[in-house]
Amino acid sequence: MTPEKQDTLLKLLILSLAAILSFSCRLFSVLRFESVIHEFDPYFNYRTTRYLTEEGFYNFHNWFDDRAWYPLGRIIGGTIYPGLMVTSAALYHALQFLHITIDIRNVCVFLAPLFSSLTTIVTYLLTKELKDASSGLVAAAMISIVPGYISRSVAGSYDNEGIAIFCMLLTYYLWIKAVKTGGLFWAALCAIAYFYMVSSWGGYVFLINLIPLHVLALMITGRFSHRIYVAYSTVYCLGTVLSMQISFVGFQPVQSSEHMAALGVFGLCQLYSFVEYVRSRVPSEHFKVLYKHLIFAIGVAVAIVGVILTITGKISPWTGRFYSLLDPSYAKNNIPIIASVSEHQPTSWSSFYFDLQMLVFLFPVGLYFCFSKLTDSNIFIIMYGVTSIYFAGVMVRLMLVLAPVMCILSGIGISAMLSTYMKDLDVSKSNKKLKKFESNFVLKNEIAWAFVVIMTGFLVTYTMHCTWVTSEAYSSPSIVLSARTHDGSRIIFDDFREAYFWLRHNTAEDAKVMSWWDYGYQITAMANRTILVDNNTWNNTHISRVGQAMASSEEKAYEIMRELDVNYVLVIFGGLSGYSSDDINKFLWMVRIGGSTEKGSHIKETDYYTPSGEFRVDKDGSPVLLNCLMYKMCYYRFGSVYTEAGKPPGYDRVRNAEIGNKDFELDVLEEAYTTEHWLVRIYKVKDLPNRGV
């Protein structure tokens with residue numbers, strides 16, 4: 001076998017092992033628990049995918065879901081990114097065609113690990129285009145186990161991001177190929193990959209702003225050429241037309257402010273090319289006069305048209321989430337529903353290290369090697385790295401976008417440094433004679449060995465850290481909880497499914513369930529009951545009404561529940577089991593959102609604090625809090641329960657306090673069901689009393 005073939009075989013082996021590792025390390029949750037969907041949003045995605053496979057695409061696209069947002073309902077086809085569902089359904093039907101029997105749920109559970117393997121391969125191809133094959137292999141190995149990406153791609157995490165990162169890196173790879181070659185073929189493939197990205201995740205806005213920014217940077221630095229013109233014009237025109245075929249996107253690519261940068265750079269490309277063409281045809285003295293007047297006229301015209309379109313509403317303003325990226329305090333001050341989502345919070349420094357480990361320190365090294373040899377491709381990856389690290393700092397969810405570029409730049413840095421020092425490990429005697437006059441030759445071999453050993457140690461610790469984080473932090477499905485006892489044995493809390501199955505089998509088919517929006521998707525998917533609000537959070541007024549009911553006294557809450565035709569109320573309570581993500585800890589967000597509309601103007605957050613500004617559930621707590629509906633539903637009958645040895649009855653293990661309001665009865669509700677560990681409590685709304693009684 002020739003050395004070239006051996007080299008190719010070794011690369012193929014390493015890349016295959018990285019892809020297998022990427023898939024297998026995401027299976028902890030399946031091995032420890034079972035093949036189950038995780039979190040909240042994935043349950044909606046699973047439910048819609050199941051509908052798609054059973055009813056077909058036409059019915060799926062026109063599906064009006066009357067189980068959600070009662071009494072409004074939801075048009076599914078026009079309010080989702082269908083890429084995830086279509087991908088799963090296509091894979092399911094392909095396996096059925098090959099007579100491989102598999103349930104659609106298992107396709108959904110294992111889709112994210114499968115695409116993570118494909119992401120590993122695409123990362124290799126992208127890094128190879130940026131630097132070389134050795135850098136690509138290191139980057140592929142790193143992204144296969146990086147916690148920042150694993151957090152959204154473990155088995156059971158059936159969410160849009162599971163395939164979106166693959167789509168994003170594939171688009172970047174094809175964009176780099178188009179920039180290098182200037183070929184229409186690669187640019188058209190890039191547009192198709194962009195279309196797949198648009199169909200999969202709303203984060204495509206980052207992509208369609210980064211590519212124009214790259215073109216603008218090339219224009220400013222004097223690197224703009226015919227290759228860039230062909231690549232960008234093709235990607236923008238074809239990509240925009242394709243993206244508008246997604247119902248949820250519609251005309252946003254030509255109407256919304258988030259897409260105006262792409263349109264502006266496209267116009268600038270045409271103008272730049274036109275100016276260069278005129279320059280080649282007109283004498284220089286005439287060209288200068290023409291150039292000044294032309295630029296001034298076009299600038300004024302564009303400004304006037306832009307102002308008119310904005311005033312008339314033809315160009316829509318930025319969304320709240322987009323404003324939050326530019327001003328992290330915007331959502332907290334103006335849109336509490338956005339600020340209440342945990343993944344929209346700013347990222348702490350510890351999270352960077354937790355999700356990226358040594359990549360945080362290798363990121364600048366990779367940037368250095370890219371700056372040391374600037375090319376059109378390297379400028380792109382530098383801009384990707386700098387912009388993504390800012391956005392990841394503003395919103396913890398966007399750590400997912402940062403993780404790939406961290407792996408790519410770290411792969412470039414590690415490969416470049418190891419290539420430099422590995423050359424000095426085996427120095428032949430002839431080379432020693434040639435280099436005997438070098439003053440530092442004596443320590444060259446020792447320094448090289450020391451560096452290789454240290455780097456190997458760092459890579460081993462990176463592997464151990466990633467494995468531990470994946471195993472302990474990111475492989476626990478929120479639908480099934482576990483805890484360790486004093487003797488080390490494990491306890492399983494399966495209260496969520498217990499409650500949902502009770503609802504499914506013990507309530508009327510048309511029963512309406514009121515809960516906080518976090519649990520809406522799970523209730524519709526597992527209990528098959530109608531809910532008032534869910535995780536789509538598109539109607540702030542409706543969510544606010546639910547928040548008002550939770551934060552009001554029983555009498556006022558009963559009026560709201562009758563208005564909304566509620567039959568059952570579901571709350572999550574962790575005071576007995578020690579589960580901290582319960583509704584009492586989320587209650588202040590219910591108060592803020594409930595008081596953010598006109599009907600809820602009487603609800604003031606300060607009323608739920610003590611005079612000293614504390615949020616307390618004990619006897620010193622605010623009387624408004626101690627008598628609101630949420631407090632009573634969570635702590636009903638809890639005052640007589642012993643939770644810990646040496647503590648009084650009614651001791652809340654999450655708040656570490658004895659509750660202040662113990663002896664009360666419910667007037668408008670009756671307890672319907674409480675799960676084994678009191679995690680989920682369901683109450684039935686009483687009917688109005690008969691007249692004359």
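Everything quoted here is computed from the prediction, not taken from an experiment. (Residues numbered from 1 in each chain as written. Predicted model: local features only at pLDDT ≥ 70, side-chain atom pairs only at ≥ 80, totals over all residues. Heavy atoms only, no water.)

Draft legend 1. A look at unusual backbone geometry. With an omega dihedral of 0 degrees, the bond running from Tyr-70 to Pro-71 counts as a cis peptide bond. Note on placement: Pro-71 falls in the loop between β1 (64–65) and β2 (74–75). With phi around 60 degrees, Asp-565 is a residue other than glycine that occupies positive phi space. Positionally, Asp-565 belongs in the loop between α28 (554–563) and β7 (568–572). (Helix = DSSP H or I, 4+ residues; strand = E, 2+ residues; numbered from the N terminus.)

Draft legend 2. Looking closely at the pattern of salt bridges. Inspection of every chain in the model, using the stated rule, returns 29 salt bridges. A salt bridge links Asp-618 to Arg-616; the nearest nitrogen and oxygen atoms lie 2.6 Å apart. What emerges from the salt-bridge pattern is a single network uniting Arg-152, Asp-159, Glu-161 and Arg-397. (Salt bridge = Lys/Arg side-chain N within 4 Å of Asp/Glu carboxyl O.)

Draft legend 3. Representation of a nonpolar patch on the surface in the model. Together, Leu-10, Leu-13, Ile-14, Leu-17 and Ile-20 make up a nonpolar patch on the protein surface, roughly 480 Å² of accessible area in all. Along the chain, the position of Ile-14 falls in helix α1 (residues 3–24). (Patch = residues over 30% accessible without salt bridge, like charges linked within 9 Å, V, L, I, M, F, W, Y side chains within 5 Å. Areas by Shrake-Rupley, 256 points an atom, 1.4 Å probe, with all protein chains shown as cover.)

Draft legend 4. Highlighting the side chain of Thr-524. The topology assignment puts Thr-524 in helix α26 (residues 520–527). Classification of Thr-524 as buried rests on a relative accessible area of 4%. Discounting residues that sit within four places of it in the chain, Thr-524 has contacts with Arg-47, Arg-67, Arg-529 and Ile-531. (Buried < 20%, exposed > 50% of the residue type's maximum accessible area, 1.4 Å probe, protein only. Contact = heavy atoms within 4.5 Å.)

Draft legend 5. Region of the structure containing the pairing of strand β4 (residues 490–493). Relative to β4, strand β3 (residues 481–484) is paired through four bridges, and the arrangement is antiparallel. Residue pairing in the sheet places Ser-482 in a bridge with Ile-492 of β4. With antiparallel pairing between neighbouring strands as the criterion, β3 and β4 make up a hairpin whose turn holds five residues, including Gly-488 at a positive phi of roughly 90 degrees. (Pairing = 2+ DSSP bridges.)

Draft legend 6. Helix α27 (residues 540–551), seen in detail. Along its 12 residues, α27 runs 16 Å from first to last C-alpha, staying within 8% of the 16 Å computed at 1.5 Å per residue. The element α27 is largely enclosed, with a buried count of 10 among its 12 residues. The distance from a side-chain oxygen at the start of α27 to the backbone nitrogen of Thr-541 is 3.1 Å, and the residue carrying that oxygen is Asn-539. (Expected span 1.5 Å × (residues − 1). Polar contact = N/O pair within 3.5 Å; in protein donor to acceptor, adjacent residues only side chain to side chain.)

Draft legend 7. Quick peek at the environment of Ser-153. Tracing the backbone shows Ser-153 in the loop between α8 (147–150) and α9 (161–181). With a relative accessible area of 0%, Ser-153 lands in the buried category. Distance in space between the C-alpha atoms of Ser-153 and Ser-134 is 26 Å, their sequence separation being 19 residues. Here Ser-153 is in contact with Arg-26, Ala-112, Pro-113 and Ser-116, once residues within four sequence places are set aside. At a separation of 2.9 Å, a polar atom in the side chain of Ser-153 contacts the main-chain carbonyl oxygen of Tyr-149.

Draft legend 8. A look at helix α11 (residues 204–220). The end-to-end C-alpha distance of α11 is 25 Å, a good match for the 24 Å that 17 residues give at a rise of 1.5 Å each. For α11, the buried fraction is high: 13 of the 17 residues fall into the buried class. Phi for Gly-222, located one or two positions after α11, is positive at around 75 degrees.

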